[in-house]
Protein chains: 4
Amino acid sequence: MVSEKVLLSGHIIDSLILPKVLDEITDLGGTFAIEEIHVGRTRRDTSRACIEVSATSRDRLERILERIKRQGAVSVEPGEVKLVRAPRDGVLPEGFYSSTNLQTDVQFKGRWIRVRNPEMDCAVVVDTKARRAATVPMSDVRKGDRVVVGEQGVRVLPEKRAEETDEFRFMRSRTSSEKPKEIMIHEIAAQMKSAKRRGGKILVVGGPAIVHTGAGRYLERLIRKGFVDVLFAGNALAVHDVEYALFETSLGIYLDRGQSAEGGHGHHVRAINAIRAAGGLRRAVSKGILKKGVMYTCVREKVPFVLAGSIRDDGPLPEVITDAIEAQRAMRRYLKGVRFALMVATTLHSIAVGNLLPASVRTVCVDINPSVVTKLIDRGSFQAAGLVTDAELFLRELSQTLTGS
Amino acid sequence: MVSEKVLLSGHIIDSLILPKVLDEITDLGGTFAIEEIHVGRTRRDTSRACIEVSATSRDRLERILERIKRQGAVSVEPGEVKLVRAPRDGVLPEGFYSSTNLQTDVQFKGRWIRVRNPEMDCAVVVDTKARRAATVPMSDVRKGDRVVVGEQGVRVLPEKRAEETDEFRFMRSRTSSEKPKEIMIHEIAAQMKSAKRRGGKILVVGGPAIVHTGAGRYLERLIRKGFVDVLFAGNALAVHDVEYALFETSLGIYLDRGQSAEGGHGHHVRAINAIRAAGGLRRAVSKGILKKGVMYTCVREKVPFVLAGSIRDDGPLPEVITDAIEAQRAMRRYLKGVRFALMVATTLHSIAVGNLLPASVRTVCVDINPSVVTKLIDRGSFQAAGLVTDAELFLRELSQTLTGS
Amino acid sequence: MVSEKVLLSGHIIDSLILPKVLDEITDLGGTFAIEEIHVGRTRRDTSRACIEVSATSRDRLERILERIKRQGAVSVEPGEVKLVRAPRDGVLPEGFYSSTNLQTDVQFKGRWIRVRNPEMDCAVVVDTKARRAATVPMSDVRKGDRVVVGEQGVRVLPEKRAEETDEFRFMRSRTSSEKPKEIMIHEIAAQMKSAKRRGGKILVVGGPAIVHTGAGRYLERLIRKGFVDVLFAGNALAVHDVEYALFETSLGIYLDRGQSAEGGHGHHVRAINAIRAAGGLRRAVSKGILKKGVMYTCVREKVPFVLAGSIRDDGPLPEVITDAIEAQRAMRRYLKGVRFALMVATTLHSIAVGNLLPASVRTVCVDINPSVVTKLIDRGSFQAAGLVTDAELFLRELSQTLTGS
Amino acid sequence: MVSEKVLLSGHIIDSLILPKVLDEITDLGGTFAIEEIHVGRTRRDTSRACIEVSATSRDRLERILERIKRQGAVSVEPGEVKLVRAPRDGVLPEGFYSSTNLQTDVQFKGRWIRVRNPEMDCAVVVDTKARRAATVPMSDVRKGDRVVVGEQGVRVLPEKRAEETDEFRFMRSRTSSEKPKEIMIHEIAAQMKSAKRRGGKILVVGGPAIVHTGAGRYLERLIRKGFVDVLFAGNALAVHDVEYALFETSLGIYLDRGQSAEGGHGHHVRAINAIRAAGGLRRAVSKGILKKGVMYTCVREKVPFVLAGSIRDDGPLPEVITDAIEAQRAMRRYLKGVRFALMVATTLHSIAVGNLLPASVRTVCVDINPSVVTKLIDRGSFQAAGLVTDAELFLRELSQTLTGS
């Protein structure tokens, strides 16, 4: 039987951290003894517990500690972080520390260093000269990088739930279409304004149904009014948007008389071809070929966008980044400074972006399919909330709330 | 090998009736020979086909004829309707004709008589003295009633698809959340206005989520402005509505700060008890206990309602009809004159009412769950369309379109 | 500012009760101070906390106490239960205590009396002579019954999570179709066997899709092998089952060649009529008309069933209880002794039965639609678990595991 | 008013082609006159119609002809195909013909040439020397390629529905979880055997839930018994499979005691790293690192696989093709000779592969979420059928049917 003492502190009862930690210890076959506990008298006060964790083998104990440290448990004697060099490009040393999306520190030469760009499932690489640490995705690790190995000297700082508004807590509470959407849409609008006020950026991640359903115009308004600082989407959203912009009549008929979506059958490939012939979306705008729509508005308003490719794509449009790893890198570059992320009607992109975001970014995922929302929330951070509703009517309402039209 | 000749006429190609009929013949093990076909030159022209249906046994042939006559096939020599007396109350004679929800005639003493109150899965009873025919549900048949037996002398008149607007056809086309809702909501508003203009009544069938999500106010507006002639719901919608009306503060908090639905835990039973103590919803209104909400508005505006009980109910409220067969009878009474039925966020009531409605009533079913919408449409008539969207945002938009607020 | 002290004890940290209680206090606008806390050193040890709850008004404090007592908080000085007579049949006194589905005691004349038949949202009526207490549904309360009013003298005993197997905890963890079903089906089989071994009864609640999909035969096997002590269903399950039993060929074709469900169109009303003519299911069995199927097997094996009516029903069959309140009463009668409840492919009946069940009955809800499962679990007790899977393949696997075929 | 005559022949009534064509003409604002119609007397006989299509402008007429030719309408005087050279790599000439996934011929120098590799939304390129034609995806078109422009000289041959078994028609009929799965699984097994017997290949497209739910072992059996000729999947399926293979105990615990999926948190990145360190899946097998699982079985049985990357991926594994367009090319290479495609529990890959497949490949899509199935079927060909069921239990049953274990 081996054991180790850890400390838990903060809002550990209120935010369910203490029960979760005790659960995980026994789930993984360990036992615990609470040596000492101090519970805050009121909600504002923090609590603190000292827990002795025991297991039948060192291995099992390590696994338990790995898990509970992700919840914020800190070794009583954290020690120095252990660094091992990456053996090859894109390959990590055995036993590497796999990061969370929470704020994390490593103890290096007796001082705690903050790890930059918190992101799930990455390596933590320490620049020993500059005394800096950062997450690095496996495929970007270079031979010789000093990679953190094991849990020693690593400290995770869980997000505080206490700061949330009641409305946001409510949104996060349970994924259901039976909650009043109006108050949630107002809360989202309030959070978007607040993010802007504090100098933060707003990221919108959108799926093609936004354009299909005629809600592109609401997204355009949000872009024009400065509520979108960067847009992530796939080829399909851009293609449908361009198709609408180029084939007015056919789609005019479609949207006015409600013709079946098959109506524009050939159009989407023609739209792609037209943009390819022009040399891309930006050039199609400057040449006067593309004169309206979401992509046009992004180009005119100088709102950057990342179009990530997928195997479902036709064409694709020239701006689409067809390599998945390159697309991830491009998205990471634009995540700096993002404080609020709104994901609308896209499973693939929502989950992909969710994987890249630090837990500190308020994230709202909107979809009519509850299983999409649940999937994201389940992987997501403390800060993610879901809204099961109609993307078109949602954007209409959000645009009215934020822009008055 | 036995065979019989049938005629099909009308928009039988355009509305897929001919292919369906040929399909059913072979599906049921028969064969066909098209003796003669005259296809209309243009869309407005009707077509006409004479088909010889053959099968290996009289039984099989009868079964095939039963099925294809539901699509409008008419025997070349229809003959007189056969009547057999019901052996006991609530029991039909062997081989009774089971009705469709389409317009139907029976040939009695050489004349075609229209069958009143088209409704699925009923018996057709002929009053031989008055020379009248009507559908009668099995449980309402009385001993000695003259019930139509077999297919002979029965003629079904399929609905004409040609009269539909393009928008309504589009709504009916495919059940998907990815269709533009705005144009569909405007089409629903146009159909509601048109039904009123032509002297028809509008039926709303609603589920409790309307109140849960705060959309009760939009339904109230529709009632006040005369767009609801009768409301069908269950105990739950009324209870949640009363709870909101009576416990302002608790639900005020709930809707403003977004507290979890558990918040009002005890309230719904207290609300039921308060209405039971008052002697019912109508008396609670006249006593000044119930002062707002959907049910209050119905009572004040003299809009009749049927609250049908279910085994899920708490209480229930005194106006709830707890017997399912009695509730069906009450609903049937109010269906006279209904030209448009709007079903929002309720599976049980939508399907129950769908079973009672003649195919000639334009029916729109709105739910965020596509499987609910599909279920109704699949059983439903030609005239049913589905909208996969958020009930709250749908009612908000519909109320704005129809009432300007 | 008013305040009151409460005690919480048991596995209050491990089972999340303490954090939930603290959450609810602040959610409802109160504040708390933890006067004393003793946390069990290991998982087996219980913990204990003394909490002072404060609020700005007596009313608010009462509401908070009402809520947290449902989680097991006990007043330091519980006092005597307060009883007020019911003013009329079916009407409760103002301020009545609304029950939970957890084990509950009331303090009467200085002694704790156990409340019989725990059921949600009922009144608690005390027989002062016999010194007995029981839950009574609102509609069954008689004028003059002594009804518990307020929270005083009431104590709720939360279920212990600690006794669960890991497999059952896993089943309860998260509603997803992506969990391994095989281990869950084996766990269900184990729980069913264990319930039988301990002399408990097994309740099955089933929807018509069981028969539609051809899984009726697996349910029959479970009935024959003694794994079903009582069956709750609606008219539809029984009708489809009888239709299959009576119209072999037509449904033989249907199930062998896979004809569309419309195939049996007329058959279901003919099946109903045949059973009505026979005088009911039991008489149809004794007369040799009904010779196979789920209902036949129930009759032959003397397994009681309750068929509850709904407004969707055709017919209905004579055994169907069309009055919802009567149907609830019939179901309550059969719940005595039930230790395990299996709900398959029915939303309406699952939720209705879930409302009637004490929290101590292990409940498993199986449906392919995750929203049905979530709905039940959300209202459900601690003891409910959900399985998002195919009802047909589930029953096949369960029957193979339990009966070897 | 301009007009043109077209011929329609084949099973045009039975397979709904005639009504669809008439519908599309009027939908797109044209009118029609049926000049002549000959309807087959029996099901086996083909029918034939000559239709004059008219429209107010040449443009509109062209659009109508484009659409109805996709249904098999053939110009009375088809003329020679028009060829225009591609202006640049990856850019098509204005007015290019956008292909269907149906068998297509082009008339070149007075002879009909079959277009190879039918695939949706591609260009048709004619090699004028070799007198060959083939579909070419836009991104693979090279400057100077002779590309078909307009509809002239193009003839589409619709699939014949008549050859289907009743069971397959039933599977295709309506997407519902309420159909008997057992007969559908047997039909799938029969089709897989028949495809093999006729020398065709079977393609399986799978999502990670196959491994999550423990159904990997059934897929392995199918591979070992020769029922899988090529496997398409993403990084996630392979990663979860490797994680299971490498971390036996942790996942042994997971699958036996039912620990939450978070259990293996760190493991999946460690699994990826281990395979990267080994130099890929194939080398991990040959080095004895990877000893079981789906990917191992593919390598051992020499079953080729394509792992297509997505922006959701961690790692990824070395064999993953991260560029979407490259991945499409790799998949196209393996589609040659495929006669049956089984898609299980993956939206992204199912739709992507559906886009690449000719309509002649029998395709079955299995998912527990009906909207995934509907999405594929809606885009899919005549030959696609959907099964709404549990992937794990489906594979178990299919494996038992095909391999006896």
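Just so you know, these numbers come straight off a predicted model, no measurement behind them.

This brings us to helix α4 (residues 181-197) of chain A. For α4 of chain A, spanning 17 residues, the distance from its first C-alpha to its last is 24 Å, which sits close to the expected 24 Å at 1.5 Å a residue. Note on α4 of chain A: the residue one or two positions beyond its end, G199 of chain A, has a positive phi of about 80°.

Buried accessible area, meaning the area lost when the parts come together, often serves as the stated size of an interface. With 37 residues of chain D at the interface, the matching set in chain A holds 36 residues. Counting only elements with at least two residues in the side of chain D that touches chain A, the list comes to α9 (267-278), α12 (324-335) and α13 (347-356) of chain D. Ranked by residue count, the leading element in the side of chain D that touches chain A is α9 of chain D, at 5 residues.

Moving on, we get to the relation of the copies chain D and chain A. Each copy superposes on the other: chain D lies on chain A with an RMSD of 0.1 Å after a rotation of 180° and an axial shift of 0.0 Å. Accordingly, the operation relating the two chain copies is best matched by a two-fold axis. The position closest to the rotation axis in chain D is occupied by the C-alpha of D323 of chain D, lying 2.0 Å away.

One can expect most non-glycine residues to show negative phi and most peptide bonds to be in trans. For the peptide bond that leads from G315 of chain B to P316 of chain B, omega is -5°, which places it in the cis range. Notably, A345 of chain B is not glycine yet its phi reads approximately 60°, a positive angle. Examined against the element boundaries, A345 of chain B turns out to sit in the loop between β15 (338-344) and α13 (347-356). The backbone of N117 of chain C sits at a positive phi, close to 50°, despite the residue not being glycine. Inspection of the secondary structure assignment puts N117 of chain C in the loop between β7 (111-116) and β8 (123-127). Judged by the 17 C-beta atoms lying within 10 Å of it, N117 of chain C is partly exposed.

Time to look at the pairing of strand β1 (residues 2-10) of chain D. Residues and elements named next belong to chain D. Direction of pairing for β1 relative to strand β3 (residues 47-55): antiparallel, over a ladder of 9 bridges. Residue pairing for β3: G10 is matched across the bridge by S47. In this sheet, strand β4 (residues 74-75) lies alongside β1 in antiparallel orientation, the contact comprising 2 bridges. Pairing of L7 across the sheet is with V74, part of β4.

Turning to the environment of T374 of chain B, a few remarks are in order. Mapped onto the elements, T374 of chain B comes out in helix α14 (residues 370-379). Through-space distance from the C-alpha of T374 of chain B to that of G386 of chain B is 7.4 Å; in sequence the pair is 12 residues apart.

Residues and elements named next belong to chain B. Strand order in the open sheet formed by 6 strands is β14-β13-β12-β15-β16-β17, with parallel pairing between adjacent strands. At either end of the open sheet lies a strand with only one pairing partner, and these are β14 (305-308) and β17 (384-388). Averaged over all pairs of adjacent strands, the angle between strand axes in this sheet comes to 15°, irrespective of strand direction. Across 5 bridges, β15 lies against strand β16 (residues 362-367) in parallel orientation. Bridging from a neighbouring strand, L342 pairs with V364 of β16.

Cut-offs used in this document
Residues numbered from 1 in each chain as written. Chains lettered and ligands numbered in written order. Predicted model: local features only at pLDDT ≥ 70, side-chain atom pairs only at ≥ 80, totals over all residues. Helix = DSSP H or I, 4+ residues; strand = E, 2+ residues; numbered from the N terminus. Expected span 1.5 Å × (residues − 1). Contact = placed C-beta atoms within 7 Å. Least-squares fit on C-alpha atoms with pLDDT ≥ 70 in both. Buried ≥ 20, exposed ≤ 12 C-beta atoms within 10 Å, placed from the backbone. Pairing = 2+ DSSP bridges. Axes fitted to C-alpha atoms, helices over the stretch in contact; angles between N-to-C directions.

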